[in-house]
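What the coordinates show
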Amino acid sequence: MTITSTSNIVYSHTVGFLANTGRGFNNPVDVALDSQGTLYVLNRAGPEVPIRLPYKRVSICTVDEEYLGEFGTGGTESGQFWWPSSLAFDGQDRLYVADEALQRISIFSKEGEFLGQWGEGGSMDGQLNRPSYIAFDGEDNLLVTDSLNHRVQRFTKDGRFLAKWGGPGNGPGQFDHPWGIALDGQGDIYVSDWRNDRIQKFSPDGSFLAQWGEPGDGDGQLNRPAGLAVDPRGNVYVADWGNERVQVFNSDGLPVASLRGESVDSTWAADYFAANPDEGNARLEANLEPKIAPRPDGDWEQRREESANVEKLFWGPTAVKLDGQGRIYIVDSLRHRLQVYRWGE
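Scope of this entry: the structure provided in the associated data block.

Reading guide: rules and limits
Residues numbered from 1 in each chain as written. Predicted model: local features only at pLDDT ≥ 70, side-chain atom pairs only at ≥ 80, totals over all residues. Heavy atoms only, no water. Helix = DSSP H or I, 4+ residues; strand = E, 2+ residues; numbered from the N terminus. Rg over C-alpha atoms; globule rule 2.2 N^0.38 Å. Buried < 20%, exposed > 50% of the residue type's maximum accessible area, 1.4 Å probe, protein only. Areas by Shrake-Rupley, 256 points an atom, 1.4 Å probe, with all protein chains shown as cover. Lys, Arg positive; Asp, Glu negative; His and termini not counted. Charge placed at Lys NZ, Arg CZ, Asp CG, Glu CD. Pairing = 2+ DSSP bridges. Phe/Tyr/Trp six-rings, centres within 6.5 Å; stacked < 30°, edge-to-face > 60°. Lys NZ or Arg CZ within 6 Å of the ring centre and 35° of its normal. Core = buried A, V, L, I, M, F, W, Y, C linked by side-chain atoms within 4.5 Å. Contact = heavy atoms within 4.5 Å. Axes fitted to C-alpha atoms, helices over the stretch in contact; angles between N-to-C directions.

**Quick look at the overall build of the chain**
What the chain contains, in helices and strands, is three helices and 24 strands. The C-alpha radius of gyration computed for the chain amounts to 19 Å, which stays within 12% of the reference 20 Å derived for 345 residues, consistent with globular compactness. Dimensions of the chain along its principal axes, counting C-alpha atoms only, are 55 × 45 × 35 Å. Taken over 345 residues, the chain has a buried fraction of 56%. As displayed, the chain has an accessible area near 14400 Å², and 48% of this comes from carbon and sulfur atoms. Charge separation in the chain, taken as the distance between the mean sites of 32 positive and 50 negative side-chain charges, equals 2 Å.

Rendered as structure tokens:
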């Protein structure tokens, strides 16, 4: 199937730009929305050197670009982050943060107060090895993609092991470094099988139901799929990380849209460049869109080059989240921002 139009999904605006602390982001990898629609953006901000540790934090803002604050810092102590990878709210608006390096889940209030943590490294039931992504199911239990154990695990909110499924391999129900995880309205579970370049669908109890995707950069093909989300119509939005795009699949697994990015400056960025015009001018001069002509075959290396040089495009998209207002939030990690889209009429 050839995708000919994305006119039903339209760009809205951008939130964020590069800032080490305060009003901005530093290599964001995920975003979560609380019950009021407030955005919590997880800043990974590597590498892990002393000067960069304060940049590892959760930023709080609104979709209308109101900056509300931040909390957290890098480190290995309780309540700190090292390789933070994903975050999710439970039914009581408590924020859970997965950390790949520390093999744990940390819990915070909406205001950033540290409430507790659980998890330990290993391969036994309930142990973790690079927890990449988290999502809550309809019973408020936490699902975790346990990436280097090549499985999904389910826990209670306080960390009690409930179930697991998967195992290393490329057969149905097996994984090779699973990353993203999301649920639909029926409780079915979707997992981005990162190194197998596919999406797998499971029943609420973890029974294999379906799969789609194959390696490549054509329509419907995937290159290291990352975070994903499912809307009420059954459309699945996938951060196709290696292809520098977001693909949308219908409930049958057929591609219906592909987004490469349409960003303009956020309000935060515009304010900064107005106060620092030399930097703003240098940025405009570095935008090489007129000099880059996509090759007809859509070669992956060409897409990487485009994304690195054309400011509006996605560069390292890692996560997709949805709200109840029809908005689509795409975490544009290497551009240090969120691109916001919505469904048109």
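Moving on from the coordinates now.
**A few points about the pairing of strand 15 (residues 189-193)**
Burial of strand 15 is extensive: five of the five residues sit out of reach of the surface. Side chains Ile189, Val191 and Asp193 of strand 15 all project onto a buried face; the interleaved residues Tyr190 and Ser192 project onto the opposite face, where all are buried too. Remark: five residues form the turn of the hairpin made by strand 14 (residues 178-183) and strand 15, two consecutive strands paired antiparallel; Gly187 in that turn has positive phi of roughly 90°. As paired elements, strand 15 and strand 16 (residues 198-202) share five bridges and run antiparallel to each other. Considered in strand 16, the bridge of Tyr190 is made with Lys201. Counting the residues between successive antiparallel strands, the hairpin from strand 15 to strand 16 contains four residues, one of them, Asp197, with a positive phi of roughly 50°.

**Overview of the packing of aromatic side chains**
In this structure the tally under the stated criterion is 21 aromatic pairs. Here Trp118 and Phe155 contribute two aromatic rings whose centre-to-centre distance is 4.9 Å and whose plane-to-plane angle is 45°, an arrangement assigned as tilted. Highlighted residues: Trp118 in strand 9 (residues 114-118) and Phe155 in strand 12 (residues 151-155), separated in sequence by 37 residues. Judged by relative accessible area, which is 0%, Phe155 ranks as buried. Joined through ring pairs, the aromatic side chains of Phe71, Phe81, Phe108 and Phe114 make up one cluster. Of note, Arg224 hangs over the ring of Trp194, and the distance from its end group to the ring centre comes to 5.2 Å. The ring centre of Trp343 lies 4.5 Å from the NZ or CZ of Arg233, which sits over that ring.

**Considering the nonpolar core**
Core analysis: the largest hydrophobic core is formed by 45 residues, its most contacted members being Ile181, Ile189, Val320, Ile330 and Leu338. Tallying contributions element by element places strand 23 (residues 327-332) first for this core, with four residues. Apart from residues lying up to four places away in sequence, Ile189 is in contact with Leu143, Arg154, Trp165, Ile181, Ala182, Leu183, Gln200, Lys201, Phe202, Ser203 and Pro204. Counting 13 residues, the second-largest nonpolar core is a separate cluster that includes Tyr40, Leu42, Val58 and Phe81.

**Points about the sheet that holds strand 19 (residues 236-240)**
On the basis of which strands lie adjacent, the open sheet formed by four strands has the order 18-19-20-21 and antiparallel pairing. Looking at the sheet topology across the chains shown, the edges are occupied by strand 18 (225-230) and strand 21 (255-259). Here the average twist between neighbouring strands, direction ignored, is 20°. In this structure, strand 18 lies alongside strand 19, joined through four bridges in antiparallel fashion. From the neighbouring strand, Leu228 faces strand 19, where its bridge partner is Val238.

**Some details on unusual backbone geometry**
Across the junction of Gly46 and Pro47, the peptide omega takes the value 0°, indicating a cis bond. Among the structural elements, Pro47 can be located in the loop between strand 3 (39-43) and strand 4 (57-61). Even without being a glycine, Asn27 presents a positive backbone phi close to 50°. Within the element layout of this structure, Asn27 appears in the loop between strand 1 (9-15) and strand 2 (28-33). Of note in the backbone geometry, Arg130 takes a positive phi value of approximately 65° without being a glycine. Along the polypeptide, Arg130 turns up in the loop between strand 9 and strand 10 (131-136).

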